[in-house]
Amino acid sequence: MKEGFTKVLLIEDDPDDAFSIQESFNEVRAGSIHFQVQCAKKLKEGLKILKSEPIDVVILDLLLPEVEGFDAVLRVRDVSPSVPVVVLTCVDDEYVALESLSHGAQDYLVKGSIDAGLLVRSIRYAIERGHLLSRLEQSSEDRFFKIIDKNADAMAVIDKDGIVRFVNPAYQFLFEQHPEDIVGKPFPMTLTTNPLAKLEIILKNGDTKNVQMRVSQIEWEKKPAQLASIRDVTALQKLENLKREMSEREEMDRIKDEFVSTVSHELRTPLTTIKSAIENLKDGISGDLNEKQSRVVEIADRNADRLVRIINDLLEISRLESGVAKIHKRRVDAVPLLQEVLQNFQMRTKKHHFILEGNFAKNLPPIYADADMIVQVMNNLLDNALRFAKTKISVEAKATGQDVEVIISDDGIGIPEDRAKELFGKFVQFNRPMGGEGYKGTGLGLAICKEIVDRHGGRIWASSQTGKGTQFHFTMRQFQEETDTL
């Protein structure tokens with residue numbers, strides 16, 4: 001609307017009513033506001049003018065022959081949503097006029113009671129109210145646009161014909177497309193009524209992604225539209241699959257551990273009976289044995305002992321992993337503990353002519369540990385060294401930071417570099433040349449060591465050079481008077 005100049009479109013099929021309103025306009029032409037009035041006798045004619053010319057306000061009869069009631073208001077609003085509408089009604093149609101306001105009209109006038117002053121006030125009010133509503137709608141649309149534009153989810157606005165009208169940056173990033181490749185073209189996915197549809201999309205490079213899509217009904221540029229919100233859940237779904245796999249694996253481990261524990265317990269009773277029978281044969285309780293019989297009994301005795309070690313290892317790893325084995329940590333003097341282990345082990349090394357050396361740092365601090373479990377770790381590591389050493393085993397202990405580190409070394413052929421990561425797994429065995437023991441083992445000794453050291457809050461690892469032997473290291477926490485006595 002230009003200042004002091006208002007273009008009015010009057011849509012009225014009754015010539016007398018049209019003339020009366022024209023006369024009311026003529027009465028105010030001498031004032032500061034000037035009106036240019038165009039008349040249309042039919043709604044179709046008025047809508048044609050609206051489409052082709054700028055109009056500031058529409059005065060609309062509600063009793064046109066082409067439409068009934070506020071349907072005429074809706075038709076005008078469809079053609080020009082921003083143009084304010086003042087409806088004309090008879091006295092007995094005032095209810096219809098009020099209904100028209102709820103459908104987009106800004107004001108109404110009752111025929112027969114219109115004068116110049118009322119007409120000017122009504123037009124001014126309709127125009128100002130239209131401007132205010134337009135500003136409010138624009139403000140709401142701006143806020144809505146900003147919310148969509150900044151949203152982390154991919155969002156697309158699709159019109160009633162399925163054509164994309166807007167996409168936010170997140171949509172462009174997800175689909176790896178530019179806006180010109182998307183806007184103005186059909187939406188590439190089926191818009192479902194499912195409140196949270198799960199879909200798989202294929203990108204231009206052939207990669208697939210899992211997404212969740214929500215579809216909401218909105219208005220876009222004052223027309224019905226749909227808002228598709230798309231969230232990339234590929235990483236989340238992978239995480240959920242991983243959690244499910246871990247849960248299934250844990251359940252399988254639990255069943256396996258229960259099976260191992262049950263079977264091991266069941267084997268102990270008959271094995272004890274077999275072991276007792278062998279001892280009776282060796283002691284001659286059942287009669288003297290000849291040389292050949294004695295060799296057979298000796299073989300049976302060694303294999304019975306091997307079965308006992310296997311069962312004990314199985315039970316021990318099962319107790320540690322299930323948490324049944326309780327740790328009773330206390331202050332332990334490291335040097336006497338290590339010396340006692342070496343003394344007990346000395347006889348076995350002498351038998352096979354091995355050199356066993358101990359080298360413990362002076363003033364080695366006490367440790368905070370379960371002494372029996374640490375002895376078990378030492379025995380397992382020394383047994384391992386004894387099987388593979390050529391001539392020498394050494395044990396070193398030193399303080400490192402807040403820990404005490406123990407190192408068991410052998411001079412065997414070493415561990416293959418490509419298998420070092422497997423070392424502390426269950427039932428892992430290496431084909432290193434065997435030393436004096438000639439016993440291959442169960443493949444559980446190092447796994448037991450790791451479980452014990454882990455539960456003490458320490459670390460265990462191995463270092464090896466092919467042809468130069470292997471070193472096993474493990475750490476134990478030093479005893480702290482102020483914390484470990486609480």
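Residues numbered from 1 in each chain as written. Predicted model: local features only at pLDDT ≥ 70, side-chain atom pairs only at ≥ 80, totals over all residues. Heavy atoms only, no water.

Colleague: For helix α11 (residues 445-455), give the residues involved together with the corresponding values.
Modeller: What α11 keeps buried is the set Leu 446, Ala 447, Ile 448, Cys 449, Ile 452 and Val 453. With its phi angle positive at about 80°, Gly 457 sits one or two positions after the end of α11. (Buried < 20%, exposed > 50% of the residue type's maximum accessible area, 1.4 Å probe, protein only. Helix = DSSP H or I, 4+ residues; strand = E, 2+ residues; numbered from the N terminus.)

Colleague: Could you give an account of the nonpolar core, with specific residues and numbers?
Modeller: One finds Met 378, Leu 382, Val 406, Ile 408 and Phe 474 to be the most contacted residues of the largest nonpolar core, which totals 46 residues. Considering each element in turn, this core owes the most residues, 9 residues, to helix α10 (residues 371-388). (Core = buried A, V, L, I, M, F, W, Y, C linked by side-chain atoms within 4.5 Å.)

Colleague: Account for α10, with residues named and values stated.
Modeller: An ideal rise of 1.5 Å per residue puts 26 Å on 18 residues; α10 measures up with 26 Å between its terminal C-alpha atoms. For α10, a buried count of 13 out of 18 residues is recorded, marking the element as mostly surrounded by other parts of the structure. For α10, the side-chain oxygen to backbone nitrogen distance between the N-cap and Asp 372 is 3.1 Å, and the N-cap itself is Asp 370. (Expected span 1.5 Å × (residues − 1). Polar contact = N/O pair within 3.5 Å; in protein donor to acceptor, adjacent residues only side chain to side chain.)

Colleague: Got a sec to walk through unusual backbone geometry? Specific residues and values, please.
Modeller: We note that Asn 363 has phi near 55°; this positive angle belongs to a residue other than glycine. One can find Asn 363 in the loop between β12 (355-360) and β13 (367-369).

Colleague: Account for the packing of aromatic side chains, with residues named and values stated.
Modeller: To describe a pair of aromatic rings, you give the distance between the ring centres and the angle between the ring planes. Evaluation of the coordinates by the stated rule reveals 4 aromatic pairs. On the basis of an interplanar angle of 50° and a centroid distance of 6.1 Å, the ring pair of Tyr 368 and Phe 479 is categorised as tilted. Of this pair, Tyr 368 sits in strand β13 while Phe 479 sits in the loop between β17 (469-477) and α12 (481-484); the two residues are 111 residues apart in sequence, bridging distant segments of the chain. Taken as a pair, Tyr 368 and Phe 479 share a single burial class, namely buried. When the ring centre of Phe 479 is taken as origin, the NZ or CZ atom of Arg 331, which lies over that ring, is 5.9 Å away. Sitting over the ring of Trp 461, Arg 459 keeps its end group 4.3 Å from the ring centre. (Phe/Tyr/Trp six-rings, centres within 6.5 Å; stacked < 30°, edge-to-face > 60°. Lys NZ or Arg CZ within 6 Å of the ring centre and 35° of its normal.)

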